[in-house]
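# Topology and contacts: notes
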Amino acid sequence: MESLLAAHSRTEDELFIGPLEHCFEQIGQRESFHQEHNEIDNCLKLAQKARDARRARQLLLAAVISSRKHFDKEERIVFPLAERVLNSKTLASLGQTWLEQRTRTLL
């Protein structure tokens, strides 16, 4: 889970946060996205260090819940914002970059 979310976070930062950072700043979400990634990462790291299964399960569940909320926010805010702010050529280029990165990751 940690490696999948790390790849997601890197891709999101490179492809969306950078080009849309000024928009996130205007709607007060810039720090929120970074903070959510840190919260998820922290829960996963603490789960690995947990001394008992119960605590590890709690931390893993917290990471999953935070991830779901984060993905929901992306679907409701980031993607519609990208469609409104970025032109179709830029969106196509970002999509191609994502596909190339994903293909490299899977190989």
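Residues numbered from 1 in each chain as written. Predicted model: local features only at pLDDT ≥ 70, side-chain atom pairs only at ≥ 80, totals over all residues. Heavy atoms only, no water.

### Some words on helix α3 (residues 53-85)
Quick reminder of the rule: A run of H or I in DSSP becomes a helix once it reaches four residues, and a run of E becomes a strand once it reaches two; helices and strands are each numbered from the N terminus. How far a helix is expected to stretch is found by multiplying one less than its residue total by 1.5 Å. We define the bend at any residue as the angle between the axes fitted to the seven residues before and including it, ending there, and the seven starting there. Per-residue accessibility, obtained with a 1.4 Å probe over protein chains only, is compared with the maximum for each type, and a residue is labelled buried under 20%, exposed over 50%, and partly exposed between these values. Whenever two N or O atoms come within 3.5 Å, that pair is a polar contact, provided that in protein one can donate a hydrogen and the other can accept it, and provided that, for residues adjacent in sequence, both atoms are side-chain atoms.
Counted at 1.5 Å a residue, the expected span for α3 with its 33 residues is 48 Å, and the 45 Å between its end C-alpha atoms agrees. Along its length, α3 shows its largest kink, about 40°, at E74. The set of residues buried in α3 consists of A56, L59, A63, S66, S67, H70, K73, E74, V78, L81 and A82. A distance of 3.2 Å separates the backbone nitrogen of R54 from a side-chain oxygen at the start of α3, and that oxygen is part of D52.

### So, the confidence of the model for the protein
Rule in force here: Note: pLDDT gives the predictor's confidence per residue, expressed from 0 to 100.
When the pLDDT values of the protein are averaged, the result is 85; 97% of them are 70 or greater. Per-element averaging of pLDDT across the protein places helix α1 (residues 2-26) at the bottom with 76 and α3 at the top with 92.

### Overview of the environment of K89
Locating K89 in the fold gives a position in helix α4 (residues 88-106). Look at K89 and you get exposed, because its relative accessible area is 71%. On a C-alpha basis, the gap between K89 and L5 in space is 27 Å, while along the polypeptide they are 84 residues apart.

### Overview of the nonpolar core
Here is the rule we go by: In this description, a nonpolar core means a group of buried Ala, Val, Leu, Ile, Met, Phe, Trp, Tyr and Cys residues linked to one another through side-chain atoms lying within 4.5 Å. It only takes one pair of heavy atoms within 4.5 Å for two residues to be counted as in contact.
L15, F16, I17, L20, C23, F24, F33, V78, L81, A82, L86 and L94 together form the largest nonpolar core, which totals 12 residues. At the level of secondary structure, the elements contributing two or more residues to this core comprise α1 and α3. With 6 residues, α1 is the single largest residue contributor to this core. Apart from the residues lying within four places of it in its own chain, the contact partners of L81 are C23 and F24. Core analysis: the second largest hydrophobic core is formed by 5 residues, L5, C43, L44 and A63 among them.

### Thoughts on the pattern of salt bridges
Just so we agree on the cut-off: Counted as salt bridges are all cases of a side-chain nitrogen of Lys or Arg within 4 Å of a carboxyl oxygen of Asp or Glu.
One pass over the structure, following the stated rule, counts 2 salt bridges. A salt bridge links E36 to K73; the shortest N-O distance between them is 2.5 Å. Remark: K73 occurs in helix α3 and E36 occurs in helix α2 (residues 30-49); sequence separation between them is 37 residues. For the pair shown, E36 and K73 are each scored as buried. Residues R76 and D72 are paired through a salt bridge, measuring 2.7 Å at the closest nitrogen-oxygen approach. With a gap of 4 residues between them, R76 and D72 both fall in helix α3, about one helical turn apart.

### Here we look at the side chain of H70
Checked against the element boundaries, H70 lands in helix α3. When its relative accessible area of 1% is taken as the criterion, H70 is described as buried. Engagement of the side chain of H70 in a polar contact is seen with the side chain of H37, the distance being 3.1 Å. Beyond its immediate sequence surroundings of up to four residues, H70 is in contact with H8, E12, F33, E36, H37 and I40.

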